[in-house]
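Listed below are the residues making up each chain.
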Amino acid sequence: MAEAFRTCPTTGLKVHLPAENLIKANAVAAVVFLAIGGFFGLLVALTRWPAVHLLPADWFYLALTAHGLDVLLVWIIFFEMAVLYFASAVLLNCRLATPRVAWAGFVLMLAGAIIVNVAVLQGQSTVMFTSYVPMKAAPHFYLGMLLFAVGALLGCFVFFGTLVVAREERTYRGSIPLVTFGALTAAIIAVFTIASGAIILIPTFLWSLGIIQHIDTMVYKTVWWAMGHSSQQINVAAHVAVWYAIAAMVLGAKPISEKVSRLAFLFYILFLQLASAHHMLVEPGVSSEWKIFNTSYAMYLAVLGSMIHGMTVPGSIEAAQRRRGLTNGIFEWLRKAPWGNPAFSGMFMSLVMFGFIGGISGVVMGTEQINLIMHNTLYVPGHFHGTVVAGTTLAFMAITYLVIPLIFRRELVMPRVAKWQPYVFGLGVAGISLFMMGAGTLGVARRHWDITFAGAMLPYDYPGAAFLMMGLNGLSAVLATIGGIMYVVVVVGSVFFGRRVEGPVELGPPAPRGVAGGSDLPAAEVVGQYGSAGTLKIPGTVALVGVFFVCFVLYYFVNWKYLSEIWPLR
Amino acid sequence: MPESEGKPPVEGDGRVPFMQRLLDNPFLLLFLGILVPTVFYLLWGIMEIVQIPVAP
């Protein structure tokens, strides 16, 4: 077969060139929409900063709509398509199934994203990311969403087809590698997500055209969140796969137990999408049984999956570092980790912040009773900036620093800027999440243009601390924007002006051959293998997990204490 | 070309364990990943909503 392949000199993986081109196209489109969505995000944050209050109300809601769509959906799904093609065709050493269909999917996604942005900027579709009926957007807003969803669905089908190609052509033996299994998890959740979106957006599109007269608001909200929240669960599965990939490529890390990690992904497949019910916790039309079963991710099995990954990813890094001889004390492996490598530092910060900020706050909000303290307050965007931005976006930024030399075959320009970028962005995003959660705890409503209620018929005075939180949130957003600009400058500069890479590149600290991955392969090659580290000597990780649990339990019960003060039982 | 070094664990009688077979079957996983949220979130939720009596 005259398929075009090249062998990666760094990983030894066979790269199908049509797949490589699709990875490049999707990654570039993702970064463009991140820049656009990030710009709108800055405008939103500067408006919610009371001392600045940048935009008038109509522009604020327009910018908020565009920000939500471009970063929560477009940037992330484009990047996930790149991850799916990498995790299938590249890691399984096979050809991509039907590249033409994949290109058709890409074109549909691009057209859909552009149409949605145009619809929003025309000013007739300021309906927020959620577009709750009976608010009505212009018909091409829904059409753009549908085109984007169909394109993404085609990408998922190409991924499944590539799994079949790899199995039929026997390009791997036994089971698929863990990173591919994580991508499979993301693709499965994506199919459910997109199907749910189609179920509700097709009638809503017809309603916007006047063909259908009525959409039930409760049914809309229920089905829409099967898409809206599940789309964020695609991110979770994808960024966990990215964590494993970076740990493998930079340090040759293998999961502590591949079987246990795969079981954790199975919990995601079965239960993660159920968390959509978080958004229905104060709706009177559905029962407490439905709410509690679903928001506990089917009694916390999906949360257990995240906690397993939260232990096995740092555990695999610790095991790899100890194999390299960093065995002094319980934290030498962590102190001497490659903190100057933006792929590693971004990944590790994503891991920590996703767990401590996004994860803990997500479980707290998923508890029906204590959800009442912060439902529809700024705590909610604080939480999901902890998961989607600190978790997913930072992880995707981190792997970009490996994609540029391996797929674009370019050296990074401005390596010092790249080195500091994850820290600047990570610090900014941590501030955004924490200060929004702080403001939300003080009762500040989400999606509100003016917390001073100037000129309102029924004014309300928030405490001074709430204004402080909003100011600090604005400062953090400026910092995160600087980090975002650093990322875009390095990526665009490297792709267009970076020196061409010919031979192998060093992705992580050098290690003796035969040591890094516990095999005779170079470190980076471990990413395409099935197998476990085969050790449980990870005392540093156990200590870190202990700290996590203490924080988790304390914060959980602190919120019950808050609830008891708001709603005293006498 | 590197190949996956892993092989599915095989039980004493030569059979591949059930969990291994489940996890190695992407289309069964796809079916389950759609079935569970469809039943527990979508169908159950919508059934409760449509049973709300219409105001007279």
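Residues numbered from 1 in each chain as written. Chains lettered and ligands numbered in written order. Predicted model: local features only at pLDDT ≥ 70, side-chain atom pairs only at ≥ 80, totals over all residues. Heavy atoms only, no water.

A. Molecular detail of the overall build of chain A. Helix and strand content of chain A: 17 helices and two strands. Over its C-alpha atoms chain A spans a radius of gyration of 23 Å, differing by no more than 12% from the 25 Å that the globule rule assigns to 570 residues. Seen along its three principal axes, the alpha-carbon backbone of chain A occupies a region of about 70 × 55 × 45 Å. Split into buried and exposed, the 570 residues of chain A put 62% on the buried side. In chain A, 83% of the contacts between residues at least 6 apart in sequence involve partners at least 24 apart. For chain A, the computed accessible surface area is about 20700 Å², with 70% contributed by carbon and sulfur atoms. Computed over 32 positive and 22 negative side-chain charges, the inter-centroid distance for chain A is 7 Å. (Helix = DSSP H or I, 4+ residues; strand = E, 2+ residues; numbered from the N terminus. Rg over C-alpha atoms; globule rule 2.2 N^0.38 Å. Buried < 20%, exposed > 50% of the residue type's maximum accessible area, 1.4 Å probe, protein only. Contact = heavy atoms within 4.5 Å. Areas by Shrake-Rupley, 256 points an atom, 1.4 Å probe, with all protein chains shown as cover. Lys, Arg positive; Asp, Glu negative; His and termini not counted. Charge placed at Lys NZ, Arg CZ, Asp CG, Glu CD.)

B. Focus on the interface of chain A and chain B. At the junction of the two partners, chain A supplies 54 residues and chain B supplies 33 residues. A combined buried area of about 3600 Å² lies between chain A and chain B, and 69% of that area is made up of carbon and sulfur atoms. The largest per-residue losses of area from chain A upon contact with chain B belong to R173, F192 and W290 of chain A, which jointly make up 16% of the total buried on that side. Here D24 of chain B ties to R262 of chain A by a salt bridge, and the two come within 2.8 Å at their closest N and O atoms. There are ten residue pairs in polar contact (both at pLDDT 80 or more) connecting chain A and chain B. Broken down by secondary-structure element, the contributors of at least two residues to the side of chain A that touches chain B are α4 (139–168), α5 (178–208), α6 (217–228), α8 (258–271) and α9 (288–295) of chain A. Looking at the side of chain A that touches chain B, its residues break down into 27 nonpolar, 16 polar and eleven charged. (Buried area = accessible area lost by both parts, 1.4 Å probe. Salt bridge = Lys/Arg side-chain N within 4 Å of Asp/Glu carboxyl O. Polar contact = N/O pair within 3.5 Å; in protein donor to acceptor, adjacent residues only side chain to side chain. Nonpolar A, V, L, I, M, F, W, Y, C, P; charged D, E, K, R; others polar.)

C. Fine view of the packing of helix α7 (residues 230–251) of chain A against helix α14 (residues 379–408) of chain A. Residues and elements named next belong to chain A. Taken N-terminus to C-terminus, the directions of α7 and α14 make an angle of 40°; their axes are 9 Å apart at the nearest point. If you check the angle between α7 and α14, you find them oblique. Once α7 is placed against α14, the crossing between them reads as left-handed. Within the contact between the two elements, α7 uses Q232, N235, A238, H239, V242, W243, A245, I246, M249 and V250 and α14 uses T387, V388, G391, T392, A395, F396, A398, I399, L402 and L406. Across the contact of α7 with α14, the residue classes tally to 14 nonpolar, six polar and no charged. (Axes fitted to C-alpha atoms, helices over the stretch in contact; angles between N-to-C directions. Parallel < 35°, antiparallel > 145°, perpendicular 65-115°, else oblique. Left-handed = near helix turned anticlockwise from the far one by under 90°.)

D. Here's a closer look at the packing of aromatic side chains. The full count for this structure, using the stated rule, is 34 aromatic pairs over all chains. Aromatic pair F159 of chain A and F160 of chain A: ring centres 5.7 Å apart, planes at 75°, arrangement edge-to-face. Aromatic pair F293 of chain A and W44 of chain B: ring centres 5.9 Å apart, planes at 50°, arrangement tilted. Of this pair, F293 of chain A sits in helix α9 while W44 of chain B sits in helix α2 (residues 26–50), on two different chains. Judged by its relative accessible area of 27%, W44 of chain B falls in the partly exposed class. Cluster of aromatic residues (ring-pair linked, three or more members): F33, F78, W103, F106 and F148 of chain A. The ring of F5 of chain A carries K14 of chain A above its face, with NZ or CZ at 4.4 Å from the centroid. (Phe/Tyr/Trp six-rings, centres within 6.5 Å; stacked < 30°, edge-to-face > 60°. Lys NZ or Arg CZ within 6 Å of the ring centre and 35° of its normal.)

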